[in-house]
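# Survey of secondary and tertiary structure
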Amino acid sequence: MSTYFPLSHDELVSLIKRFPTPFYLYDEKAIRENMRAFTKSFSMFPIFREHFAVKALPNPYILKILADEGCGTDCSSLAELVLSKTAGITGERIMFTSNETPASEYQYAFECGAIINMDDISHIDFLKNALSGKLPDTLCFRYNPGALKKGGNEIIGKPEEAKYGLTREQIFSAYEKCKSEGVKHFGLHTMVASNELNPDFFIDTADILFDLCVEIKNLLGIKIEFVDLGGGIGIPYKVEQKAVDLDYVASGIKKLYDKKIVPNDLSPLGIYWECGRPITGPYGYLVARAIHEKHIWREYIGVDASMADLMRPGMYGAYHEITVSGKEHMPKECVYDIVGSLCENCDKFAVQRKLPKISIGDILIIHDAGAHGRAMGFNYNGKLRCGELLLREDRSVVEIRRRETLDDYFATLNMEGVQSFR
Ligand SMILES: *Cc1c(COP(=O)(O)O)cnc(C)c1O
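The structure presented is a predicted model; accordingly, all values stated were derived computationally and were not measured.

### Points about the packing of aromatic side chains
In this structure the tally under the stated criterion is 17 aromatic pairs. Seen in terms of ring centroids, Phe-96 and Tyr-106 are 6.2 Å apart; in terms of plane orientation they differ by 75 degrees. Their pairing is edge-to-face. Placement of the pair is Phe-96 in strand S4 (residues 94–97) and Tyr-106 in helix H5 (residues 103–112), with a sequence separation of 10 residues. Of the two residues, Phe-96 and Tyr-106, both sit in the buried class. When the ring of Phe-141 is compared with that of Tyr-175, the centres are 5.2 Å apart and the planes differ by 80 degrees; the resulting orientation is edge-to-face. Here the residue Phe-141 occupies a position in strand S6 (residues 138–142), and Tyr-175 occupies one in helix H7 (residues 168–180), the gap between them amounting to 34 residues. Pair check on accessibility: Phe-141 and Tyr-175 agree, each one buried. Grouping aromatic residues by their ring pairs yields a cluster made of Phe-38, Phe-42, Phe-45, Phe-48, Phe-201, Phe-202, Phe-210, Tyr-257 and Trp-273.

Structural data, given as C-alpha cells:
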C-alpha cells in the first residue's frame, strides 16, 4: 500500500502545470473508504465514535469530509476548536484533550459544548474558576497508568516519564470531587502510545480502562459513560510493515467488554477513539521536484520541498517511502540522500535510500504524509510552506490551502516601521 499513488504519471504532470510543486495531495475517496472501514470494525459496540485528532491534518475541508463519515474531532487548542466549528463539528462531537490549557481556551471549549478532558487534578478548580464557579455537566479525565503500562516509544516516551494525565490515586479523588460538585456524566481517557503497530497494545489499554471503570463504580458509585482509547494507532510507513488489524483490535476489546463491562452493569459504555494518523496518514502525499543533484562523498538529490513542509524525517529520523513518478518499475540502482534546502543537515527526506536513477526535473512522491505532515510545518530559514490539494471522488482537484507567500511571512512584522527606526 505504501507505494500506491492515486494519479498516473501523465495526470500528475498535467496537475503540476496548474499547481507547481511542491504541494500536498490528499485522496478523498481513500480517506472516506478508510473511515468507513474503521467505523465498521467497531460497529459491534452499542456506542462508538472516532474523534479525528485535528492536529494531524488541520484543514477544515478534510474535517468536513470526516464529519460526513460520522467523525467528531479531538482538539487541544483554540485554533483547532475554531477549525472544528468551521467544519460544522460542535457539541459533544468535540473532545477537548488539552494540556497546560489557558483559561480562555477552556471557556471557548465550554461554549462550543465540547467534552472537556482534563489532564490534571488541579485543573478541576482551574476550570471551575474559568467557568465562573460551575463545572460542566460532563467531564473526562486523562489517566496516566505510569509503570503499570509497559511500552511507549520514541515519540511519546514511557508513561511514567510522560507529562500527561492523572495518577491512579488522583483519578479516584478527581471523580469523587467532581461528583460532589454536581458533575453528572463522566468519561475516562488514556493515551500511552504513538505510532504503535502491535494490535494487542490497544486491547491491553482497553483492559486497563475497563478495570478502572469497574473500580470507580465499586468505590465511588460513579458509572463512567465512555472510555476514550486515545490515538496512537500506527501506520505501516515501511513496505514490509503490517497495518494494525482493527477487526482484531475490536473483537479483542469486545471480549473484554462482555467480560467486564456488561456483568458490572456498565453497558452501554461508549467506545471512543481520537486517532489522527491511521485516518488520513496513508492517503496524503508530498509531491516535490528534483531541482539539484550533487556528487560529493555521497550522491545528493535536492528537491523543492524542505523539512519546513514535512519535518518527521528530520525530527524523528522517521521513514517515508519515496517513489519517482513514471519510474516506479525501474531498478533501484542508485543510493541517494534526498534533501531539502534548509541550512540544517537533518533536512533529509531519505538517507542512503536505494532509488531509480533520478534526473533533474523528476517528480518525487513522498508517501504517508497525510498526518503530522503539513501540520508540523514551520517557517525557519524564511521557508514558505506549500499548499494542499484535494483529489475529489470525481477525480477533479481542488486547492484546499494555497501556498504561503512572502506577504504571509512578513505579515507579523511592521516593515515600514523599520525605515524610521533609529
Ligand atoms: C496526537 C494525539 C492524538 C492523535 O494521535 P495519532 O497518532 O495521530 O493518532 C490523539 N489524542 C491526543 C491527546 C494526542 O495528543
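### Side note on the site of the ligand
Lining the immediate environment of the ligand, one finds 14 residues, of which Lys-55, Glu-274, Gly-276, Arg-277 and His-372 sit closest. Interatomic distance of 3.2 Å between a side-chain N/O atom of Asp-74 and a nitrogen atom of the ligand. Contact distances for the ligand include 2.7 Å between a nitrogen atom and a side-chain N or O atom of Glu-274. Computed on the free molecule, the ligand has an accessible area of 380 Å², of which 90% lies beneath the protein chains in the complex.

### Describing the sheet that holds strand S5 (residues 115–118)
Backbone hydrogen bonds are what pair the strands of a sheet, in a parallel or an antiparallel way. Pairing in this closed barrel of 8 strands is parallel, and the strands run S2-S3-S4-S5-S6-S7-S8-S9 around the ring. Direction aside, neighbouring strands of the sheet carry axes that sit 25 degrees apart on average. Where strand S2 (residues 48–53) and strand S9 (residues 270–273) come together, 3 bridges link them in parallel fashion. Its bridge partner being in S9, Glu-50 is matched across the sheet by Trp-273. Seen against the sheet, helix H6 (residues 123–130) touches S5 and S6 and runs at an angle of roughly 145 degrees to S5.

Cut-off values and rules
Residues numbered from 1 in each chain as written. Predicted model: local features only at pLDDT ≥ 70, side-chain atom pairs only at ≥ 80, totals over all residues. Heavy atoms only, no water. Phe/Tyr/Trp six-rings, centres within 6.5 Å; stacked < 30°, edge-to-face > 60°. Helix = DSSP H or I, 4+ residues; strand = E, 2+ residues; numbered from the N terminus. Buried < 20%, exposed > 50% of the residue type's maximum accessible area, 1.4 Å probe, protein only. Near = heavy atom within 4 Å. Polar contact = N/O pair within 3.5 Å; in protein donor to acceptor, adjacent residues only side chain to side chain. Areas by Shrake-Rupley, 256 points an atom, 1.4 Å probe, with all protein chains shown as cover. Pairing = 2+ DSSP bridges. Axes fitted to C-alpha atoms, helices over the stretch in contact; angles between N-to-C directions. Contact = heavy atoms within 4.5 Å.

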